[in-house]
Each structure stands twice: as structure tokens, then as C-alpha cells.
Amino acid sequence: MKKIGLFVLLLLLIVSSIFVGVKDISLTQLFQWDSQQQLVLLTTRLPRTISLVIAGSTISISGLIMQHLTQNKFVSPSTAGTMDSARLGILVVMILFPSAPLLFRSFIAFLFAFGGTLIFIYLTRFLPAKNQVMIPLIGVMFGNIIGSVATFFAYQFQLVQNMSSWLQGNFSTVMKGNYELLYLTIPLLIITYLFAYRFTVVGMGEDMATNLGLNYQRIQLFGLGIVALSSAVVLIMVGNIPFLGVIVPNLVSMRYGDHMKNTLAITAVGGSIFLLACDVLARVVIAPYEVPVSVVVGVLGSFIFIALLMRRKTA
């Protein structure tokens, strides 16, 4: 698909996201809405659509950064223990500081996400780099261990239901006044664009980056910091969205190549398109009820992920 086609598709899905839901809002009666329809539009539909666009692009670009930093196409925050580490941090805040403000929770989640990602990067140094499947497999196992620790303590403090319902990827609770922290990821995306060339060079390996005058370790830590902060904010606001950070960068690189500066905007748009489409499907599949978008993304993403694995194996 041409680039202009992606932007047109994104616009169509944004319109669909605004006007699809339990409460009917007619596009043909744009200037005749009553006060209740205007309230629904401004309080829920617009914030939900904006959060979908931001979260989709943020998760996809976070996956793109991690794939360059680890030189592995199947690494993302969900397959490197980043999300599970952030979840453990949130649980710690819920236990020790139950009335802590949202910014404090996000900061602690960021610290845990960053620390967990550093541990994963350290583990990858002992793994064969040529095995593209082994590294994300170890990351999934590492994340499951952290998730098991979080679940254990959640049981001990009777917080399992709270943690599960809060951290499940779901945009139905997004409303005006409780999603604005997602805007914090926008300057992070701008910074990523400014450092895109450096991330591309780092993705060629430590020797190449050093020969070109870059500090490999510093750029890697900087990129991991962006990923950890973005992942923590998204997890706090809308929960965990699986597979998105893996499949979208892979699909984009298959069509447009691996130069990060050229594919960054397309990856962001692709992530928003995929998440918007899944969310609209989640609203209509059992209407008037709604399926959590993480379930739809997980089902569709798992099939695409398996197809990517099989393609990589046969290539």
C-alpha cells in the first residue's frame, strides 16, 4: 500500500472510531446533535480515539527501537520483560503507596521497566545472536518469571482482581480527564525521530557504531530509557497490548526497509491503524457489549506473529 493510502485508511478508521458505539452519533446530523450526543463525543469518543492513535503509534515505535537495539526482529516490550517489569512496579506502588498520584505510579513503573529491560539486554549477551527465535523466547520466559512474582504478591495482598482488570488492554474506560498522561509520549516520539539515524547505526552492531564515532552503550541506554518510559505510560493508562510492537515494525520493514528515519512515521501510522481497527472490531463483534481490545489484538497478532516466524524460518 502506498504511503498516502495508509494516511487515508487512518483517517477513515478515526472517523469510524468516533461514530461507532452503543450511543448513536449520526454523521449526517453533524450540526444537529443534542447535548447528550455532544457530551458522549467530547467526553468519551474523542478521548478514546486520540488515546488509540497515540498508544498504537507509541507501542509500535517502542518495538521498532528495541528491534534495532537488540538486532532482533522479534523483540519488543512485550517479549523482553519490559511490560511485566512495569507491572511489577505498579504492584509495588499499589501495595506500599495505594493513594499515590498517577505521576508517581508512572515513575515507579518506568524505573522497574528500565531495570527489567537492562537485565534482559544483559542476558542476551550470553545468547547466540544469530538465533532470531532464541532471544525473544528467553525474553518471554524472563517476563513470565517476573509476572509470576507479581501474581504471587498480588495473591498475598488480595490485589489479583484489581491488577488484572486495571492492566488488561481496554479503552472502554478512557474518558476526558483520565488519559492525558499519554500526551507525554509525543515528545518521546519526536526525540526518537531526532535520534533515528543513531538507532539505525546501533542496529548494525557495536563495531560499526564505534567505527562511525557513536558511543554504543550510551545510545543503547538512551533508547532503552525511551522504550521503558513509553511502555510504562501506556501500561498505566490503557493496559497491556500484546504483539503490536512486534508485528507492525516487521510488516513495515518488509515493505519499506530498515532505515529507521524513513520508516518511523509509517510504523507509527501502521500501529495506530492496527489498534484502531481492532478496537472498532471489539465494539461491534458482540454489540452492544464490548470485548477488551487486548483480546482482539492478541488473537489477530498471534496469527501474524506465527506467520512471521514461519517466513523467517523459510527465508
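Residues numbered from 1 in each chain as written. Predicted model: local features only at pLDDT ≥ 70, side-chain atom pairs only at ≥ 80, totals over all residues. Heavy atoms only, no water.

- Looking at an unreviewed UniProt entry, one finds the chain named Iron compound ABC transporter permease and attributed to Enterococcus haemoperoxidus ATCC BAA-382.
- Of the chain, the UniProt comment under Subcellular location (unreviewed entry) reads exactly: "Cell membrane".
- The chain has a UniProt comment under Sequence similarities (unreviewed entry) that states "Belongs to the binding-protein-dependent transport system permease family. FecCD subfamily." (UniProt positions renumbered as here; feature names shortened; annotations may be inferred.)

Let's talk about the pattern of salt bridges
- Counting across every chain of the model gives four salt bridges.
- Residues Arg87 and Asp84 are paired through a salt bridge, measuring 3.5 Å at the closest nitrogen-oxygen approach. Residue Arg87 and its partner Asp84 are located together in helix α3 (residues 82-96), separated by three residues, close to a single helical turn.
- According to the relative accessible area criterion, Asp84 is buried, its value standing at 17%.
- Notably, a salt bridge pairs Asp279 with Arg283, separated by 2.7 Å at the nearest N-O pair. You can see Asp279 and its partner Arg283 sitting in helix α12 (residues 260-284), four residues apart, about one turn around the helix. Each member of the pair, Asp279 together with Arg283, is buried.
- Within this structure, Arg48, Asp279, Arg283 and Glu290 form a network of salt bridges that share partners. (Salt bridge = Lys/Arg side-chain N within 4 Å of Asp/Glu carboxyl O. Helix = DSSP H or I, 4+ residues; strand = E, 2+ residues; numbered from the N terminus. Buried < 20%, exposed > 50% of the residue type's maximum accessible area, 1.4 Å probe, protein only.)

Overview of the nonpolar core
- Phe171, Val238, Ile241 and Leu275 are the most contacted members of the largest nonpolar core, which totals 81 residues.
- It is helix α10 (residues 216-238) that contributes the most residues to this core, 13 residues altogether.
- Excluding residues within four positions of it along the chain, Ile241 makes contact with Ile59, Gly169, Phe171, Leu275, Val293 and Val297. (Core = buried A, V, L, I, M, F, W, Y, C linked by side-chain atoms within 4.5 Å. Contact = heavy atoms within 4.5 Å.)

Some points on the layout of surface pockets
- In this structure, the second largest pocket occupies an estimated 360 Å³ of space.
- The wall of the second largest pocket is formed by 17 residues, among which Ser78, Thr79, Val140, Phe243 and Phe305 lie closest to the centre.
- Elements with a minimum of two residues in the lining of the second largest pocket: α3, α5 (134-156) and α13 (293-314).
- Counting residues per element, the lining of the second largest pocket draws most heavily on α5, which supplies six residues.
- For the lining of the second largest pocket, a count of residues per class yields 10 nonpolar, six polar and one charged. (1 Å grid on protein atoms, 1.4 Å probe; cavity = no way out; pocket = protein on both sides within 12 Å on 5 of 7 lines; lining within 4 Å. Points joined across faces, edges and corners; volume = space filled by probe spheres on them. Nonpolar A, V, L, I, M, F, W, Y, C, P; charged D, E, K, R; others polar.)

Describing the UniProt feature "transmembrane region" (unreviewed entry) in the chain
- If you check UniProt for "transmembrane region" (unreviewed entry), the listed places come out as residues 90-123, 135-160, 181-199, 219-252, 264-285 and 291-310 in our numbering.
- The span residues 135-160 is 88% helical and 0% strand by assignment, and the distance between its end C-alpha atoms comes to 29 Å.
- End C-alpha atoms of residues 291-310 are separated by 29 Å, and the span's content is 90% helix alongside 0% strand.

Section: empty space enclosed by the protein
- Under the counting rule described, the total for this entry stands at three cavities of 30 Å³ or more.
- Lining the largest cavity are Leu64, Gln67, His68, Lys73, Pro249, Val252, Ser253, Gly257, Asp258, Thr263 and Thr267.
- Within the residue set of the lining of the largest cavity, elements represented by two or more residues are α2 (35-70), α11 (244-256) and α12.
- Listed by contribution, the elements that provide at least two residues to the lining of the second largest cavity are α2, α7 (185-194) and α10.
- Broken down by element, the residue count for the lining of the second largest cavity peaks at four residues, all from α2.

Here we look at the side chain of Gln220
- As for its position among the elements, Gln220 is in helix α10.
- Other than its neighbours up to four places away in sequence, Gln220 contacts Leu69, Ile121 and Arg125.

Concerning the packing of aromatic side chains
- Taken as a whole, this structure holds eight aromatic pairs when the rule is applied.
- Between Phe195 and Phe199, the ring centres sit 6.4 Å apart and the planes meet at 35°, which makes this aromatic pair tilted.
- Taking the relative accessible area as the measure of exposure, Phe199 reaches 0% and is therefore buried.
- An aromatic cluster is present here, built from Phe74, Phe243 and Phe305 joined pairwise through their rings.
- Directly above the aromatic system of Tyr256 lies the positively charged group of Arg255, at a separation of 5.1 Å from the ring centroid.
- Over the face of the ring belonging to Tyr193 we find Lys261, whose NZ or CZ atom lies 5.2 Å from the ring centre. (Phe/Tyr/Trp six-rings, centres within 6.5 Å; stacked < 30°, edge-to-face > 60°. Lys NZ or Arg CZ within 6 Å of the ring centre and 35° of its normal.)

A few points about α11
- If you check α11, its first and last C-alpha atoms are 18 Å apart, about what 13 residues at 1.5 Å a residue would give, namely 18 Å.
- Those residues of α11 that sit buried are Leu244, Gly245, Val246, Ile247, Val248, Pro249, Asn250, Val252 and Ser253.
- Directly beyond the C-terminal end of α11, a positive phi value near 95° is found at Gly257. (Expected span 1.5 Å × (residues − 1).)

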